[in-house]
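Chain by chain, the residues run as shown.
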Amino acid sequence: MQNKFLLAIDQGTTSTRTIIFNRCGDVIYEVSKEITQYYPFPGWVEHDANEIFEKTLACMFECIFSAKLSFKDIAAIGITNQRETIVVWDKKTKKPVYNAIVWQSLQSKEITDNMSIYNDLIKEKTGLKINPYFSASKLRWLFDNYPKLQKRANNGELLCGTIDSWLIYNLTDGNVHATDYSNASRTLLFNIHTLSWDEDLLKLFNIPKCILPEVKESSGIFGYLSNKITQEKIPISGVAGDQQASLFGQCCYQYGDLKNTYGTGCFTLMNTGTKIVNSKYGLLSTIAWKINGQITYAIEGSIFIAGAAIQWLRDELKIIKSASDSEKYACSLQSTEGVYVVPAFTGLGTPYWDDECKGAIFGLTRGTSKEIITRATLESIAYQSKDVIETMKKETKANFTQIYVDGGATVNKYLMQFQADILNSKIIVPATIQTTALGAAFLAGLGIKYYKNVAEITKLRKINAIYEPKISKNRQIELYKGWKKAVKVTRMFKNSVKN
Ligand code: ADP
């Protein structure tokens, strides 16, 4: 079995990707296909669940055959997915009864606004907050708007699940209706203390338990590919939500290990071991994974605008032609001359959770150039990450001396060096940027004993670059003070003029 490969399905928000890894975790072949986004009304985002499964299958076949392999060469399959997105389908026909309601979709905002009195209860049980992002209010919205579906759900005629469940169900031709602990912990219905669907929350959201999937360990056999797909007996043996899979792919297996993903936004997760951190400053507590009967928790912070600010420089301000220009411009300067950009385009996430403030630029002079604005925008990504990581330090007392990073913006050497400087921590960039898919593959490998344990997987970690902090402590404090001031003033400015 040792020369067989692991196949990861990474079903993301904008695309579906499959990657074949060898035993060492090297990418052998990769295929991705875009997913159609539906915006039926402002703020709503939906996907066609059938398209998601069809594209997953298409990616899988193309990946295996283009790599000149066959299903025989695949030891196991791992699944990682966009979290919180929900699908409801008919038990008999196996067809969805409505589009997948995507995590970003805000159609259930009125529901969550009306339920804000339950915030403390929900936080205590789930580690999350009452917010339309999480799955439960999306289900409530569906059943409120289509009362027939509520009846059918109550009668046990429907099933529901996050995208991992939907894929497992289809890949096994309806034989398995399951999810893993990491995905369950994002639904707002799962109690992260008792590790079960919570009766009080099910009542609160009026969701019948019979439609929910069985919750299984993140690493272990969920089921086998149906014989409609292949005659080979191939197990699905690793499942985790995308951020948790990335934490696993980065080999963050010890308490205090932390990863930061720099994509459109930033997601920071820290392994908190067997401890649930009850955050006072807006971090979420979540399940990282459950393996061999052992639960591992994580604490999570989110930044809404990171790489998206670079897209703004390119697409709206048009002061850079490509994202890579941002590094060139930043490196052409000695400093930002005191200019700060606060890219609060959709408010600010952890630790501020201020959805009313808007973006701002401070410190402009007659000499402020596009290079300065660009560099200050890049630096804002590092400052926001520092805000999150400082909050984690405060709440967990962990002292991070190194941070594992991934995501599209980690190719920017200026950003990575500035991040090391402003955090006074080592920044470690792995050799494969596909850490999410790698995490799913590792979980799948562990689930069939292809790997003995996480210690064996950790030995496979390959590093592309390490950035060491270079600036003085005083300079670091001075720069960060300027950022905090800029954020404070940004939050004070609430403009009532709309046009
Ligand atoms: P997502 O998974 O959220 O779609 P990716 O991990 O693919 O994001 O990263 C894409 C983001 O990375 C984009 O927002 C883009 O602006 C940013 N990005 C890509 N290259 C660079 C670069 N050289 N410098 C800064 N940001 C970059």
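Relevant structure appears above.
Residues numbered from 1 in each chain as written. Predicted model: local features only at pLDDT ≥ 70, side-chain atom pairs only at ≥ 80, totals over all residues. Heavy atoms only, no water.

Student: So what exactly am I meant to see when it comes to the layout of surface pockets here?
Tutor: Think of a ball as big as a water molecule: rolled over the atoms, this probe shows where empty space is left. Put simply, the second largest pocket is a space of about 330 Å³. Forming the boundary of the second largest pocket are 20 residues, of which Ile291, Asn292, Gln294, Leu446 and Val454 lie nearest the centre. Secondary-structure elements contributing two or more residues to the lining of the second largest pocket are β13 (219-224), β16 (266-273), β17 (284-291), β18 (294-303) and α14 (435-447). Looking at which element gives the most residues to the lining of the second largest pocket, the answer is β18, with 3 residues. Class assignment for the residues of the lining of the second largest pocket results in 7 nonpolar, 10 polar and 3 charged. (1 Å grid on protein atoms, 1.4 Å probe; cavity = no way out; pocket = protein on both sides within 12 Å on 5 of 7 lines; lining within 4 Å. Points joined across faces, edges and corners; volume = space filled by probe spheres on them. Helix = DSSP H or I, 4+ residues; strand = E, 2+ residues; numbered from the N terminus. Nonpolar A, V, L, I, M, F, W, Y, C, P; charged D, E, K, R; others polar.)

Student: In this structure, what is going on with the site of the ligand? I would like to understand it.
Tutor: Taken together, 14 residues lie around the ligand, and Thr264, Gly307, Gln311, Gly408 and Asn412 are the ones closest in. In this structure, an oxygen atom belonging to the ligand sits 2.6 Å away from a side-chain N or O atom of Thr264. Look at the ligand: alone it shows 580 Å² of surface, and the protein chains cover 67% of it. Tallying contributions element by element places helix α10 (residues 307-315) first for the shell around the ligand, with 4 residues. (Near = heavy atom within 4 Å. Polar contact = N/O pair within 3.5 Å; in protein donor to acceptor, adjacent residues only side chain to side chain. Areas by Shrake-Rupley, 256 points an atom, 1.4 Å probe, with all protein chains shown as cover.)

Student: What is the right way to look at the sheet that holds strand β23 (residues 463-467) in this model?
Tutor: If you walk across this open sheet you meet the 7 strands as β17-β18-β16-β15-β21-β22-β23, and the pairing is mixed. Where the open sheet ends on each side, the last strands, each with one partner, are β17 and β23. Adjacent strand axes in the sheet meet at a mean angle of 25 degrees, parallel and antiparallel pairs treated alike. Strands in contact with helix α9 (residues 242-249) are β15 (258-262), β16, β17, β18 and β21 (402-406); relative to β17, the strand with the most contacts, it is inclined by about 60 degrees. Of the strands in this sheet, β15, β16, β18 and β21 touch helix α12 (residues 370-396), which is tilted by about 20 degrees from β16. (Pairing = 2+ DSSP bridges. Axes fitted to C-alpha atoms, helices over the stretch in contact; angles between N-to-C directions. Contact = heavy atoms within 4.5 Å.)

Student: When you look at empty space enclosed by the protein in this model, what are you seeing that I'm missing?
Tutor: Counted by the stated rule, this structure contains 2 cavities of 30 Å³ or more. By volume, the largest cavity is sized at about 70 Å³. Where the lining of the largest cavity is concerned, the elements lending two or more residues are α4 (135-145), β8 (158-162) and α7 (181-184). By volume, the second largest cavity is sized at about 40 Å³.

Coordinates in, geometry out; function isn't part of it.
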